[in-house]
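Each chain is listed here by its residues.
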Amino acid sequence: MAKTAPKSTRATQALERAGIRCSLHAYDYDPDAQRIGLQAAEALGVAPDRVLKTLMAAVDGRPVCLLVASDREVSMKRVAAAFAGKGAAMLKPAEAERLTGYHVGGISPLGQKRSFPTAIDAGSLGDPGAEIHINGGGRGLQIRLTEADLVAALQALVVPLT
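Procedures and definitions
Residues numbered from 1 in each chain as written. Predicted model: local features only at pLDDT ≥ 70, side-chain atom pairs only at ≥ 80, totals over all residues. Heavy atoms only, no water. UniProt positions renumbered as here; feature names shortened; annotations may be inferred. Buried < 20%, exposed > 50% of the residue type's maximum accessible area, 1.4 Å probe, protein only. Helix = DSSP H or I, 4+ residues; strand = E, 2+ residues; numbered from the N terminus. Pairing = 2+ DSSP bridges. Contact = heavy atoms within 4.5 Å. Core = buried A, V, L, I, M, F, W, Y, C linked by side-chain atoms within 4.5 Å. Axes fitted to C-alpha atoms, helices over the stretch in contact; angles between N-to-C directions.

For the protein chain, the name recorded in an unreviewed UniProt entry is Cys-tRNA(Pro)/Cys-tRNA(Cys) deacylase, with Methylobacterium mesophilicum SR1.6/6 as its organism. Taken from UniProt, the Sequence similarities (unreviewed entry) comment for the protein chain reads in full: "Belongs to the prolyl-tRNA editing family. YbaK/EbsC subfamily."

In structure tokens form, the structure reads like this:
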């Protein structure tokens, strides 16, 4: 069952300020889902590789934001290399929430409390004009926009992360 999407979130407001077109899509969020990104893809009727999950990690103690297709697993070795670091680890959920201002399951790479260096998995992108989904800033919300617009909005590195 589809939910009604709010008119805007901090994430869509960030895109609006950047002049980037997007659409916001709501779905019934399942807090018990083992893999939230896969649950979002299924609920929206979108291929799992078209839904990017947002992960927060630390490279040599510095927070970074990662985006990777919901059906892929990130390599910490590749994350460290992407940010010229020696080691990387996922942030604990409470730390990710504190830094981003979003709740786990609703962390968007856009509109965070602070801006963090961001990398998108190169293997999760294909055609710059293709549409993808990212978290919209709330549990059960996804933003649809083009790959090129996402990379531009985030000023993200596009590197292998998986």
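Moving on from the coordinates now.
With that settled, consider the pairing of strand β1 (residues 23–26). Burial along β1 is one-sided: the residues Leu 24 and Ala 26 are buried and none of Ser 23 and His 25 is. As paired strands, β1 and strand β7 (residues 141–146) are joined by four bridges and run antiparallel to one another. From the neighbouring strand, Ala 26 faces β7, where its bridge partner is Leu 141.

Moving on to the side chain of Gln 142. Examined against the element boundaries, Gln 142 turns out to sit in strand β7. Classification of Gln 142 by relative accessible area gives buried; the value is 4%. Not counting residues up to four positions away in its chain, the partners in contact with Gln 142 are Ser 23, Leu 24, His 25, Tyr 27, Ala 40, Leu 44, Val 51, His 133, Ile 134, Asn 135 and Gly 136.

Membership of the largest hydrophobic core comes to 29 residues, with the highest contact counts inside it found for Leu 52, Leu 67, Ile 120, Ile 134 and Leu 150. Looking at this core, the elements with two or more residues in it are α1 (10–17), β1, β2 (52–59), β3 (62–69), α4 (93–100), β6 (131–135), β7 and α5 (147–154). If near-sequence neighbours (up to four positions away) are discounted, Leu 67 is found in contact with Leu 52, Lys 53, Thr 54, Pro 109, Thr 118, Ala 119, Ile 120, Asp 121, Ile 134, Leu 150, Leu 154 and Leu 161. Formed by 13 residues, the second largest nonpolar core is a distinct cluster that contains Leu 55, Val 59, Val 64 and Val 159.

On to the UniProt feature "domain: YbaK/aminoacyl-tRNA synthetase-associated" (unreviewed entry) in the protein chain. Residues annotated in UniProt with the feature "domain: YbaK/aminoacyl-tRNA synthetase-associated" (unreviewed entry) correspond here to residues 39–150. In this annotation, residues 39–150 is assigned 22% helix and 30% strand; the end-to-end C-alpha distance for the span is 22 Å.

So, about the sheet that holds β7. If you walk across this open sheet you meet the three strands as β1-β7-β6, and the pairing is antiparallel. Each having just a single partner strand, β1 and β6 make up the two edges of the open sheet. For this sheet, the mean angle separating the axes of adjacent strands, direction not counted, is 35 degrees. Judged from the five bridges that link them, β6 and β7 form a sheet pairing that is antiparallel. From the neighbouring strand, Glu 131 faces β7, where its bridge partner is Thr 146. In this fold α5 packs onto β6 and β7, with an angle of close to 105 degrees to the strand it touches most, β7.

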